[in-house]
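What follows is the residue order along each chain.
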Amino acid sequence: MLLLAAAFIVAFVLLLYMVSPLISPKPLKLPGAHVVVTGGSSGIGKCIAIECYKQGAFITLIARDENKLLQTKKEIEKYSVNDKQVVLCISVDVSKDYEQVENVLKQAQEKLGPVDMLVNCAGTSVTGKFEDIEVNSFERLMAVNYLGSVYPSRAVIATMKERRMGRLVFVSSQAGQLGLFGYTAYSPTKFALRGLAEALQMEVKPYNIYVTVAYPPDTDTPGFVEESKTKPLETKLISETSSVCQAEQVARVIVKDAIQGNFNSSVGSDGYMLSILTSGMSPVTSITEGLQQVVCMGIFRIVGLFYLGSFDSIVRRCMMQREKSENADKTE
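- The protein has the name 3-dehydrosphinganine reductase in an unreviewed UniProt entry, where Centropus bengalensis is given as its organism.
- Its UniProt record, at the heading Function (unreviewed entry), says of the protein: "Catalyzes the reduction of 3'-oxosphinganine (3-ketodihydrosphingosine/KDS) to sphinganine (dihydrosphingosine/DHS), the second step of de novo sphingolipid biosynthesis."
- For the record of the protein, the UniProt heading Subcellular location (unreviewed entry) holds the text "Endoplasmic reticulum".

Looking at the overall build of the protein
Part 1 of the argument: Scanning the protein from N- to C-terminus turns up 11 helices and 9 strands.
Part 2 of the argument: In terms of C-alpha radius of gyration, the protein reaches 22 Å, essentially the compact-globule figure of 20 Å for 332 residues.
Part 3 of the argument: In terms of overall dimensions, the protein has C-alpha extents of about 70 × 70 × 35 Å along its principal axes.
Part 4 of the argument: A burial count over the protein gives 47% of its 332 residues as buried.
Part 5 of the argument: In the structure as shown, the protein presents an accessible area of about 17,300 Å², 58% of it carried by carbon and sulfur atoms.
Part 6 of the argument: Distance between charge centroids for the protein: 6 Å, based on 34 positive and 34 negative side chains.

A few points about the layout of surface pockets
Part 1 of the argument: There is about 430 Å³ of room inside the second largest pocket.
Part 2 of the argument: Contributing to the lining of the second largest pocket are 17 residues, with Asp 257, Asn 262, Asn 264, Glu 289 and Gln 292 lying nearest its centre.
Part 3 of the argument: Among the secondary structure elements, those contributing two or more residues to the lining of the second largest pocket are helix H9 (247-260), strand E9 (264-266), helix H10 (268-277) and helix H11 (287-331).
Part 4 of the argument: Grouping the amino acids of the lining of the second largest pocket by side-chain chemistry returns 3 nonpolar, 11 polar and 3 charged.

Focus on unusual backbone geometry
Note: most residues except glycine have negative phi, and most peptide bonds are trans.
Part 1 of the argument: In this model, Arg 164 sits at a positive phi of 60 degrees, which is unusual for a non-glycine residue.
Part 2 of the argument: Relative to the helices and strands, Arg 164 resides in the loop between helix H5 (135-163) and strand E5 (166-171).
Part 3 of the argument: The phi torsion at Asn 208 lies on the positive side, around 65 degrees, for a residue other than glycine.
Part 4 of the argument: The residue Asn 208 is located in the loop between helix H6 (187-204) and strand E6 (209-215) in this model.

Re a positive patch on the surface
Part 1 of the argument: Together, Arg 64, Lys 68, Lys 96 and Arg 140 make up a positively charged patch on the protein surface.
Part 2 of the argument: Take Lys 96: it is sitting in the loop between strand E3 (87-91) and helix H4 (98-112).

What to know about the packing of helix H2 (residues 43-54) against H9
Part 1 of the argument: Interhelical geometry of H2 versus H9 gives an angle of 60 degrees and a closest axis separation of 8 Å. Considering their axes alone, H2 and H9 lie oblique with respect to each other. Both H2 and H9 take part in a crossing whose hand is right-handed. Between H2 and H9, the contacting residues are Gly 43, Ile 44, Cys 47, Ile 48, Glu 51 and Cys 52 on the first element and Ala 247, Glu 248, Val 250, Ala 251, Arg 252, Ile 254 and Val 255 on the second.
Part 2 of the argument: Within the contact of H2 with H9, the residues separate by chemical class into 9 nonpolar, 1 polar and 3 charged.

Some words on the UniProt feature "coiled-coil region" (unreviewed entry) in the protein
Part 1 of the argument: If you check UniProt for "coiled-coil region" (unreviewed entry), the listed places come out as residues 62-111 in our numbering.
Part 2 of the argument: A helix fraction of 52% and a strand fraction of 14% characterise residues 62-111, whose end C-alpha atoms lie 15 Å from each other.

Comments concerning the pairing of strand E1 (residues 34-38)
Part 1 of the argument: Along E1, 5 of the 5 residues are buried, which leaves the element largely enclosed by surrounding structure.
Part 2 of the argument: What you see with E1 is no split at all: His 34, Val 36 and Thr 38 on one side and Val 35 and Val 37 on the other are buried throughout.
Part 3 of the argument: Bridge count between E1 and strand E2 (residues 58-63): 5 bridges; the pairing is parallel. Residue pairing for E2: His 34 is matched across the bridge by Phe 58.

What to know about a nonpolar patch on the surface
Part 1 of the argument: There is a patch of nonpolar side chains on the surface, built from Ile 299, Val 303 and Tyr 307 and spanning about 240 Å² of accessible area.
Part 2 of the argument: Among the secondary structure elements, Val 303 is positioned in helix H11.
Part 3 of the argument: The partly exposed category is assigned to Val 303, whose relative accessible area is 32%.

Comments concerning the nonpolar core
Part 1 of the argument: The biggest cluster of nonpolar side chains holds 34 residues, and the ones touching the most others in it are Leu 30, Val 35, Ile 48, Cys 52, Ile 59, Met 117 and Val 119.
Part 2 of the argument: Within the residue set of this core, elements represented by two or more residues are E1, H2, E2, helix H3 (66-77), strand E4 (117-120), E5 and H9.
Part 3 of the argument: Core analysis: the next-biggest nonpolar cluster, separate from the first, contains 32 residues, Val 36, Ile 62, Val 211 and Tyr 215 among them.

Points about the sheet that holds E6
Part 1 of the argument: The parallel open sheet is built from 7 strands, whose spatial order is E3-E2-E1-E4-E5-E6-E9. Two strands lie at the open edges of the sheet, namely E3 and E9, each paired on one side alone. Direction aside, the axes of adjacent strands within the sheet are offset by 15 degrees on average.
Part 2 of the argument: Relative to E3, E2 runs parallel, the two being bridged by 5 bridges.

Conventions we followed
Residues numbered from 1 in each chain as written. Predicted model: local features only at pLDDT ≥ 70, side-chain atom pairs only at ≥ 80, totals over all residues. Heavy atoms only, no water. UniProt positions renumbered as here; feature names shortened; annotations may be inferred. Helix = DSSP H or I, 4+ residues; strand = E, 2+ residues; numbered from the N terminus. Rg over C-alpha atoms; globule rule 2.2 N^0.38 Å. Buried < 20%, exposed > 50% of the residue type's maximum accessible area, 1.4 Å probe, protein only. Areas by Shrake-Rupley, 256 points an atom, 1.4 Å probe, with all protein chains shown as cover. Lys, Arg positive; Asp, Glu negative; His and termini not counted. Charge placed at Lys NZ, Arg CZ, Asp CG, Glu CD. 1 Å grid on protein atoms, 1.4 Å probe; cavity = no way out; pocket = protein on both sides within 12 Å on 5 of 7 lines; lining within 4 Å. Points joined across faces, edges and corners; volume = space filled by probe spheres on them. Nonpolar A, V, L, I, M, F, W, Y, C, P; charged D, E, K, R; others polar. Patch = residues over 30% accessible without salt bridge, like charges linked within 9 Å, V, L, I, M, F, W, Y side chains within 5 Å. Salt bridge = Lys/Arg side-chain N within 4 Å of Asp/Glu carboxyl O. Axes fitted to C-alpha atoms, helices over the stretch in contact; angles between N-to-C directions. Parallel < 35°, antiparallel > 145°, perpendicular 65-115°, else oblique. Left-handed = near helix turned anticlockwise from the far one by under 90°. Contact = heavy atoms within 4.5 Å. Pairing = 2+ DSSP bridges. Core = buried A, V, L, I, M, F, W, Y, C linked by side-chain atoms within 4.5 Å.

Quick look at the structure:
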């Protein structure tokens, strides 16, 4: 009986692997494609632009700092695979004025053709305890990290629907899957991208448009360096439980998943576990992906509870040390 059950499971899994390619989206071909990257002057955004350029894409870089954009343009152009490729730079704040964002993307499409893939990578971070963060920081982060992805996506979606093709990428964070100490201003903005992506994917899937949400871990970028300068002790200790990834590695994974039309994009074993744990009602690209989530969910939840217990222990320990230090200062 056990042998029969095992044989049935093996046959079922093999059937899923055979059927899943039939329901998966066709990969996007990057050679000659027009890829727009917001926040493309540095960090993950720049590396994504380089990765796409290496595969023959035409690139539009969007960021606020014009000097950084021009420097990045020169760096990207070193990786050209043919003499027809173009890197277009546009200096604009994607979080402030929708009409301005719409106009610059219209100009970009007039020069390089319709947008085949939009990568929303513009973002910023503020860390600190909830009561220590300035109120306007909550507003600013929501504008940059959330509306800064809404506006460009809104500006290109109509053309993608008309063409019945396209890719939309939202670069969230592992802090958009798990709320951690010190990220009360940052995490909600990254969680919001998940809700936007799920609702939008349901709208655009019939038009052969696929949405990808990327959840990079701590990544060695200029933004991460600045963020680390203001991290509370608790946040630093929690961050030490995972390694820091290189931006190039993260970019390769994101581009690969976006091309394939995968909804979730994660890096490393921790990223895979978090994607399974937080899958909820998110779309799947293949039957095998859904099967992995069903099989692994319970096991990963147990592992996740150990992580949460460790994080809580760090926070309590830091609180006790701080109180002990404060009491010692009072008695002196």
